[in-house]
Amino acid sequence: MSDSSLSPTPRPCSRTVSVQLPDILSSCTPFELRVNRHCRSVSRASEAWLCDVGLKLEWKGMKVGLWASLCYPGADLSQLRLGADFLSLLVYEQEQDGCTNENEVFDLISDRLSRVAYKNPAWYMRFHRSMRMYHDARRRLHSLDSTCIPDLETYVDLRRNASGLKMVFHLIEYAGGLDLPERASSHPVLKQLTDQACDLITWSEDAISCAKGMTPSSRINIVTVLMKDRNCSFGSALAYVGTLVKQSADGFLATERQFAACAVMDDDTRRYVRGLRDCIAGSVNWLYETERYLGTKGNEVRAFGWVFVPVLD
């Protein structure tokens, strides 16, 4: 046995770096922030139900009911409750280390989704298709690590589906009592709008979630992908995420103007587009309100942008 075989394995180097998160909120000022008047009562009821069914998280600090209330400000009590329960299940599944059995968590609301499906089969087909794509993308992303970082284009496509936001957007129709015609729901310009909304929210989440720490075992996100794609530092990648968020916001507004001139635009479609705006404003602001990413320092980070990030090389 050689002497080298007896040498100790080098320990990973742990350090903390101070970085300024991109000013994501300023990119979202064109999107009005509204909140549902049933926020408090639905939040309490949803959190109690989650505990009753055995899903243990710090739900009070997560403030998922607030997220739902910001995304669906016009929903009635029962509509908002389903939205809050669904978003909570989405958060719970994404907080698990591994992928859960397909649909296992969402089976808890399958009876309520079935009732919606009975009333609007076309909507449910779109929702169910997005759920299948969500599970597939999560499995593919979960199989990657710091030694197998995808290129930017591949990551963006995977992240859109793995975020679950397409299902969140489908719930705009349910929460608003909308009936999108097929010619609108399948229109390429509306698809571009939903992609831009999805990118804006997911990239914002990726940037904010870096505050939890960066290690070789951390989940791959837009920052780690950009560090490899652009061969740049952590701070430079974070700053570029801010540029991408601004580009997505500007792109959404331009596409929205383009879509407004399309013949498929009716009242329900206009309300759906406004729902996308609600989801953008609500989701991005919720990132600073929930304790999921910034703990209790959300207001401080909102004001100054600086965070101390644990880094393990």
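So, here is what we can say about the structure in this document. Sequence positions are assigned chain by chain, starting from 1 and proceeding in written order. It should be noted that, the model being predicted, local features are given only for residues of pLDDT at least 70 and side-chain atom pairs only at 80 or more, the latter also being counted only at that level, while totals for whole chains, interfaces and linings use all residues. Excluded from the side-chain calculations are hydrogens and water; all other atoms, namely the structure's heavy atoms, are used.

**Considering a negative patch on the surface**
Right, on to step 1. Patch membership requires more than 30% relative accessible area and the absence of a salt bridge. Residues of like charge join within 9 Å; the nonpolar side chains Val, Leu, Ile, Met, Phe, Trp and Tyr join within 5 Å. Values of accessible area rely on a 1.4 Å probe in the Shrake-Rupley scheme; residue burial ignores everything except the protein chains shown. By definition, a salt bridge exists where a carboxyl oxygen of Asp or Glu is found within 4 Å of a side-chain nitrogen of Lys or Arg. For the charge count, each Lys or Arg is scored as positive and each Asp or Glu as negative, with His and the chain ends excluded. Every charge is mapped onto a representative atom, which is NZ of Lys, CZ of Arg, CG of Asp or CD of Glu. A cluster of acidic residues, Asp151, Glu153, Asp157 and Asp229, forms a negative patch at the surface.
Right, on to step 2. Numbering of helices and strands runs from the N terminus, with a helix taken as a DSSP run of H or I at least four residues long and a strand as a DSSP run of E at least two residues long. Assignment of secondary structure puts Glu153 in helix α8 (residues 152–162).

**Focus on the packing of helix α5 (residues 77–95) against helix α6 (residues 110–119)**
Right, on to step 1. The N-to-C vectors of α5 and α6 enclose an angle of 130 degrees; their axes lie 11 Å apart at closest approach. In terms of axis orientation, α5 runs oblique to α6. Note on packing geometry: the crossing formed by α5 with α6 is left-handed. Side by side, α5 and α6 meet where Arg81, Leu82 and Asp85 of the first sit next to Arg112, Leu113 and Val116 of the second.
Right, on to step 2. Side-chain classes follow a simple rule in which Ala, Val, Leu, Ile, Met, Phe, Trp, Tyr, Cys and Pro form the nonpolar group, Asp, Glu, Lys and Arg form the charged group, and the remainder, Gly included, forms the polar group. A per-class count over the contact of α5 with α6 returns 3 nonpolar, no polar and 3 charged. Only C-alpha atoms enter the line fits that serve as axes; for helices the fit covers just the stretch in contact. Angles between N-to-C directions range over 0 to 180 degrees. For classification purposes, an angle smaller than 35 degrees is called roughly parallel, one larger than 145 roughly antiparallel, one from 65 to 115 roughly perpendicular, and anything else oblique. Crossings are sorted by hand: turned counterclockwise from the far helix by less than a right angle, the near helix makes the crossing left-handed, and turned clockwise it makes it right-handed. Whether two residues touch is decided by their heavy atoms; if any such pair falls within 4.5 Å, the residues are in contact.

**As for unusual backbone geometry**
Right, on to step 1. Phi angles above zero are rare outside glycine, and Lys63 is one such case at about 55 degrees.
Right, on to step 2. Looking at where Lys63 falls in the secondary structure, it is placed in the loop between α3 (59–62) and α4 (64–71).
Right, on to step 3. The backbone of Asn231 shows a phi angle near 50 degrees, a positive value even though the residue is not glycine.
Right, on to step 4. Tracing the chain through its elements places Asn231 in the loop between α12 (222–229) and α13 (234–260).

**Describing the layout of surface pockets**
Where empty space is left becomes clear once a probe the size of a water molecule has been rolled over the atoms.
Right, on to step 1. Its boundaries defined by the atoms lining it, the second largest pocket holds a volume of some 550 Å³.
Right, on to step 2. Cavity and pocket criteria rest on a 1 Å grid covering protein atoms alone: a 1.4 Å probe that fits but cannot get out defines a cavity, protein on both sides within 12 Å along at least 5 of 7 lines defines an open pocket, and an atom within 4 Å of a point defines a lining residue. In terms of lining, the second largest pocket is formed by 20 residues, of which the most central are Arg126, Arg129, Ser130, His170 and Ser185.
Right, on to step 3. Those elements that provide at least two residues to the lining of the second largest pocket are α7 (121–142), α9 (165–176), α10 (182–185) and α11 (188–209).
Right, on to step 4. With 6 residues, the single largest contributor to the lining of the second largest pocket is α7.
Right, on to step 5. Per-class residue counts for the lining of the second largest pocket are 8 nonpolar, 5 polar and 7 charged. Grid points are joined across faces, edges and corners, and a volume is the space filled by probe spheres set on the points.

**Focus: a positive patch on the surface**
Right, on to step 1. A cluster of basic residues, Arg40, Arg44, Lys60 and Lys63, forms a positive patch on the protein surface.
Right, on to step 2. With respect to the helices and strands, the residue Arg44 is situated in helix α2 (residues 39–52).

**Describing empty space enclosed by the protein**
Right, on to step 1. Here the structure, examined in full by the defined rule, presents 2 cavities of 30 Å³ or more.
Right, on to step 2. Estimated volume of the largest cavity: approximately 130 Å³.
Right, on to step 3. Around the largest cavity, the lining is made up of 13 residues, and of these Trp67, Leu165, Glu205, Trp286 and Tyr293 lie nearest the centre.
Right, on to step 4. Of all the elements in the fold, those that place two or more residues in the lining of the largest cavity are α5, α11, α14 (267–289) and α15 (291–294).
Right, on to step 5. Per-class residue counts for the lining of the largest cavity are 8 nonpolar, 3 polar and 2 charged.
Right, on to step 6. There is about 50 Å³ of room inside the second largest cavity.

**Here we look at the pattern of salt bridges**
Oppositely charged side chains can pair when the atoms bearing their charge come close.
Right, on to step 1. A complete count under the given rule lists 19 salt bridges for this structure.
Right, on to step 2. In this structure, the salt-bridge partner of Asp267 is Arg270, at a minimum N-O distance of 3.3 Å. Within this pair, Asp267 and its partner Arg270 are both found in helix α14, separated by 3 residues, close to a single helical turn.
Right, on to step 3. Here the term buried applies to any residue with accessible area under 20% of the maximum for its type, exposed to any over 50%, and partly exposed to those in between, with areas from a 1.4 Å probe on protein chains only. By relative accessible area, Arg270 is classed as partly exposed at 46%.
Right, on to step 4. Linked by salt bridges that have partners in common, Glu95, Arg159, Glu205, Asp206 and Arg292 make up one network.

**Re the nonpolar core**
Right, on to step 1. Nine residue types can take part in a nonpolar core, namely buried Ala, Val, Leu, Ile, Met, Phe, Trp, Tyr and Cys, and a core is a set of them joined through side-chain atoms within 4.5 Å. Within the largest apolar cluster, 105 residues are counted, with the highest numbers of intra-cluster contacts made by Phe31, Tyr72, Phe86, Val168, Phe169, Phe234 and Phe259.
Right, on to step 2. When near neighbours in sequence (up to four residues on either side) are disregarded, Phe234 contacts Val17, Val19, Cys210, Met214, Val223, Met227 and Val309.

**Thoughts on the packing of aromatic side chains**
Right, on to step 1. Stacked, tilted and edge-to-face are the three classes assigned to paired rings of Phe, Tyr and Trp, where Trp is represented by its six-membered ring and a pair needs centres within 6.5 Å; plane angles under 30 degrees give stacked, over 60 edge-to-face, the rest tilted. One pass over the full model with this rule turns up 7 aromatic pairs.
Right, on to step 2. Members of the aromatic cluster, joined through ring pairs, are Phe86, Phe106, Trp123, Phe127 and Tyr134.
Right, on to step 3. Lying across the ring of Trp49, Arg112 places its NZ or CZ 5.4 Å from the centre.
Right, on to step 4. Lysine and arginine charges are scored as sitting over a ring when NZ or CZ, respectively, is within 6 Å of the ring centre and within 35 degrees of the ring normal. Against the face of Tyr240 rests Arg230, its NZ or CZ located 3.7 Å from the ring centre.

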